[in-house]
Amino acid sequence: MAQSQVTENRALRCKPRRGAAATATTTDNNNGSAGSSGCLKTSAVDMMKKGAGGSLAIVVPPDGGWGWVVVFAAFYCNVVVDGIIYSFGMLLKDMVDSFHESESKISIVGSLLNGFYLIAGPFVSALLNSVDFRAVTIIGSIISCIAFACATYVQSLYQLMFCYGIVGGVGFSMIYVSAVLIPGFYFDKWRALATGIAVCGSGIGTFVLAPLNAYLVQQGGWRITIVVQAGLALSCALVGILFRPLKPTIVEVPISNNPVVMEPKIPEDEPLLTINAERKMSLDSKHNSSKIGAPTVEEIYNHLSDRLTSEPQKISLSCHSLNTHHQYLKDKLSPPETPEKKLSVVSLRRPSLSAHLMDRDDRFFGGSLSRLPQYSSQVSSLNYAMSVTRIPAWNEIEEEGEDPCAKNNSFRKNMKKYYKSAMHTLTTMLDFSILSSPSFLVLTCSGFLTLLGFFVPFMYISEKAISEGMDKNVAVWLVSTTGITNTLGRVICGWISSYESVDPILVNNVSLTFGGLYTILLPILPYSVFSYYLYASLFGFSMACFASLRSTMIVELTGLELLTNAFGVLLMFQGVAAAIGAPLLGLFKDLTGNYNMSFYLSGVILVTSAVICYPLRRVKKWEEDKKLRQHNV
């Protein structure tokens, strides 16, 4: 393993390079004091390889407890964010009357909100790797609240686009990304259920907020409506307080070949877990650390403890926080201080490496983990967490401990650490070289087309129905109907896709095909209230499959280890499509005087996005065969 080669006895100076997402403690020289310069350090890995032992800190989901509180908090955040986004069409007519602009131009405001909450996703993920879910959610809530409040005072449409669309979209992205990812932070075994409950807030929010927005617009206009939306956005900050960080689990690297068990000092800590790993801890051949850029915790553990992956091992884990671990060592190893001699606590602390929030291959996977061979081959969630958690640049990490050289520059060094951890995630997610994969390129084109036509029905269906003669009080519930069937579709699709025999790519293609066909047929069928509500129901159900299976399809094509990269690139393309789709297709309403052409084109685009994905399995097989032939040459 190329990245695991560590140079022995490497000494680093005061201002050395630091890994993106890990920390380590220091050691002194042989006589227990710092060198003559007082600034020499030894990397944590060097210390571990010399037999000093140490610890690897990773977060293992508890699969319950406070996690269910977090799930319902995430559910509420999705209710607010997606409810406001999908019901923007309720404000459309009143904004047209206020700004005296065309509907297609007014729809840019809502499309920017749709687009930027996706486009900002990779940047928010990078921020999460430096901070945490709670802080990002609260900051995003405040940003969107301020943006919406400012939008109520604008006198120009372009000012509204900036405040409500762009700034509000960035704030919503911070809430949305945190709410979608945090269930996976707390759950492994029940991840599909937890994530499913959280994302169902999208449909429920559409169901509730569409008629609420219509009522508020009717009573006080679009400005009053946005004031209420600002209050709802701010309420996500209160809910975000419930996103409590988890304490890391300590994986002990033994001093000798025999495992070392570190008993928790404080009884309140979680109990010691010792796993009998009576299995072959083999790694898939495609888990190439040199390509991914960082080894897994499992690889580090086996390497540092001089274990062969082909032999069954007994891994000792101590489930208590890293801080508690250090305090325990301090109390156990440090004698009472005396005037004659003071032992340095730093010199007695064992070296440690820790992973950050986004340093897991499955962080963006919202489906059932039973579909993943990495999960089914493990004996527990702890072993699984070790196999999918990575520690970037672990062989270059050095100490950020308490030494005279570090104290004067602690703020600058902390900022540098946060910057590097954020940039590691951002560069991983926005690595566009993944588009060289033909199968992923096809999936990306399909995702772009899907989002290009996706928001047209949400934006225009109520106005289209009213133009056909439907009563306003009846038409307002069309978007709500789409929302409630979307919720039902997410539940059913999540349940079906948990079976390994079900092909998620085929399910996605079929659902997009029918969703597009329904959209094409709507203007053709004779007008009736029943036909419109039937369309809203079927469209919401079909689009639920696309939303639910996005991460599962990516894993099917790229493997789990490239999910973060693929998801980031896909978000960017889908965000751009969402930002331009509804306004672009809405132009045809201005040209023709009705919405029929907009719906025709939206349906054709959705069907096309499905059709190009039907041969995706064959493209993937051709791609793998080509790589195999090149490898054998």
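This structure is a prediction, so every number in the text was calculated from the model and none was measured. (Residues numbered from 1 in each chain as written. Predicted model: local features only at pLDDT ≥ 70, side-chain atom pairs only at ≥ 80, totals over all residues. Heavy atoms only, no water.)

A.B. asks: Would you mind going over the overall build of the protein chain with me for this structure?
C.D. replies: On a plain count of helices and strands, the protein chain comes out with 25 helices and seven strands. Among the 633 residues that make up the protein chain, the fraction classed as buried is 56%. Sequence-distant contacts, at least 24 apart, represent 87% of the contacts inside the protein chain between residues at least 6 apart. For the protein chain, the accessible surface area stands at approximately 25900 Å², while carbon and sulfur atoms represent 62% of it. (Helix = DSSP H or I, 4+ residues; strand = E, 2+ residues; numbered from the N terminus. Buried < 20%, exposed > 50% of the residue type's maximum accessible area, 1.4 Å probe, protein only. Contact = heavy atoms within 4.5 Å. Areas by Shrake-Rupley, 256 points an atom, 1.4 Å probe, with all protein chains shown as cover.)

A.B. asks: Just to check I follow, could you spell out helix 6 (residues 133–151) for this structure?
C.D. replies: Side chains of residues three or four places apart in an α-helix project in the same direction, reflecting 3.6 residues per turn. Compared with the 27 Å implied by 1.5 Å per residue over 19 residues, the 27 Å span of helix 6 between its first and last C-alpha is a close match. Of the positions making up helix 6, those classed as buried are F133, V136, T137, G140, S141, S144, C145, A147, F148 and A151. The buried residues of helix 6 all sit within an arc of 165° when viewed along its axis, so they share a single face. As for helix 6, its buried residues are in contact with helix 2 (66–86), helix 4 (103–119), helix 5 (121–130), helix 7 (157–186) and helix 9 (222–240). Of the residues that open helix 6, the one with a side-chain oxygen 3.2 Å from the backbone nitrogen of R134 is D132. (Expected span 1.5 Å × (residues − 1). Arc of directions from axis to C-beta. Polar contact = N/O pair within 3.5 Å; in protein donor to acceptor, adjacent residues only side chain to side chain.)

A.B. asks: Where do I start with the pattern of salt bridges in this structure?
C.D. replies: Between side chains of opposite charge, pairing is possible as soon as their charged atoms come close. Counted under the stated rule, the structure contains twelve salt bridges. Ionic pairing is found between R191 and D188, a salt bridge with its closest N-O pair at 3.1 Å. The pair formed by R191 and D188 is uniform in burial state, with each residue classed as buried. Across the salt bridge formed by E623 and K627, the nearest N and O atoms sit 3.7 Å from each other. On the criterion of helical spacing, the pair formed by E623 and K627 is a turn pair, its members being four residues apart in helix 25 (residues 616–632). (Salt bridge = Lys/Arg side-chain N within 4 Å of Asp/Glu carboxyl O.)

A.B. asks: Honestly, the environment of P523 in this entry has me stumped. Any pointers?
C.D. replies: With respect to the helices, strands and loops of the structure, P523 is situated in the loop between helix 21 (504–521) and helix 22 (529–558). Sequence separation of P523 and Y595 is 72 residues, and the distance between their C-alpha atoms is 8.3 Å.

A.B. asks: Please explain the nonpolar core as it appears in this structure.
C.D. replies: Across soluble globular proteins, nonpolar side chains show a tendency to be buried alongside one another. Of all hydrophobic cores here, the largest spans 124 residues; its most connected members are M95, L160, Y164, F172 and L478. If you tally residues by element for this core, the top one is helix 7, at 15 residues. Among the nonpolar cores identified, the runner-up in size contains twelve residues, and L56, V297, I300 and Y301 belong to it. (Core = buried A, V, L, I, M, F, W, Y, C linked by side-chain atoms within 4.5 Å.)

A.B. asks: Sorry, what's going on with the packing of aromatic side chains here?
C.D. replies: Ring pairs (aromatic) are described by centroid distance and by the angle formed between their planes. Tallied over the entire structure, the rule returns 25 aromatic pairs. Seen in terms of ring centroids, F88 and Y164 are 6.0 Å apart; in terms of plane orientation they differ by 40°. Their pairing is tilted. Taken together, the residues span a long stretch of sequence, with F88 in the loop between helix 2 and helix 3 (89–99) and Y164 in helix 7 at a distance of 76 residues. By relative accessible area, which is 0% here, Y164 ends up buried. Members of the aromatic cluster, joined through ring pairs, are Y86, F454, F455, F458, Y535, F539, F546 and F599. The cationic tip of K464 hangs over the ring face of F599; the distance from NZ or CZ to the ring centre is 5.7 Å. (Phe/Tyr/Trp six-rings, centres within 6.5 Å; stacked < 30°, edge-to-face > 60°. Lys NZ or Arg CZ within 6 Å of the ring centre and 35° of its normal.)

A.B. asks: In this structure, what is going on with the state of the cysteines? I would like to understand it.
C.D. replies: Working definition of a disulfide: a covalent bond connecting the sulfur atoms of two cysteines. All told, the structure shown has zero disulfides when counted by the stated rule. The thiol of C163 is not disulfide-bonded; the next cysteine sulfur, from C150, is found 5.4 Å away. Judged by its relative accessible area of 15%, C163 is buried. Left unpaired, C613 is separated from the closest cysteine sulfur, that of C445, by 9.0 Å. (Disulfide = S-S within 2.5 Å.)

A.B. asks: Any chance you could explain the packing of helix 3 against helix 8 (residues 191–220) here in plain terms?
C.D. replies: Helix-helix packing: each pair is described by the crossing angle between the helix axes and the interaxial distance. Between helix 3 and helix 8, the shortest axis-to-axis distance is 8 Å and the interhelical angle comes to 20°. The angle between the axes of helix 3 and helix 8 places the two elements in the roughly parallel class. Touching M90, L91 and D94 of helix 3 are A210, N213, A214 and V217, all from helix 8. For the contact of helix 3 with helix 8, the per-class residue count stands at five nonpolar, one polar and one charged. (Axes fitted to C-alpha atoms, helices over the stretch in contact; angles between N-to-C directions. Parallel < 35°, antiparallel > 145°, perpendicular 65-115°, else oblique. Nonpolar A, V, L, I, M, F, W, Y, C, P; charged D, E, K, R; others polar.)

A.B. asks: Any chance you could explain helix 25 here in plain terms?
C.D. replies: Taking 1.5 Å as the rise per residue, helix 25 with 17 residues should run 24 Å; its terminal C-alpha atoms sit 24 Å apart, in good agreement. Among all positions of helix 25, only L616, K620 and E623 are buried. Within helix 25, the buried residues cover an arc of 60° as seen down the axis, which keeps them to one side. Helix 25 presents R618, K621 and N632 as exposed residues on the side facing more than 90 degrees away from its buried surface. In this structure, the buried side of helix 25 is in contact with helix 18 (438–467), helix 21 and helix 22.

A.B. asks: Is there a simple way to explain the environment of I146 in this structure?
C.D. replies: The residue I146 is located in helix 6 in this model. Once the C-alpha coordinates of I146 and C163 are considered, the two residues, 17 residues apart in sequence, prove to be 8.7 Å apart.

A.B. asks: Sorry if this is basic, but what is going on with a nonpolar patch on the surface here?
C.D. replies: A surface patch of nonpolar side chains, about 650 Å² in accessible area, is lined by L488, V491, I492, W495, I496, Y499 and F541. Examining the composition of the nonpolar patch, we find that five residues originate from one element, helix 20 (residues 477–497), more than from any other. Mapping V491 onto the fold places it in helix 20. (Patch = residues over 30% accessible without salt bridge, like charges linked within 9 Å, V, L, I, M, F, W, Y side chains within 5 Å.)

A.B. asks: Teacher, can you tell me more about unusual backbone geometry here?
C.D. replies: Most peptide bonds take the trans form, and the phi angle of most residues other than glycine is negative. A positive phi is found at D63, a non-glycine position, where the angle reads about 55°. On the secondary structure map, D63 appears in the loop between strand 3 (54–58) and helix 2. Not every positive phi belongs to a glycine, and H100 is a case in point at roughly 55°. Note on placement: H100 falls in the loop between helix 3 and helix 4. Among the residues examined, H100 registers a relative accessible area of 68% and is labelled exposed.

A.B. asks: So what exactly am I meant to see when it comes to the confidence of the model for the protein chain here?
C.D. replies: Detailed reading of the predicted coordinates is not advisable wherever pLDDT falls low. For the protein chain, the average pLDDT comes to 77, and 73% of its residues sit at 70 or higher. Counted against residues more than four places away or in other chains, residues 1–41, with its pLDDT under 50, gives 117 contacts. In the model, residues 307–348 has pLDDT below 50 throughout and makes 102 contacts with residues more than four positions away in sequence or in other chains. (pLDDT = per-residue confidence, 0-100.)

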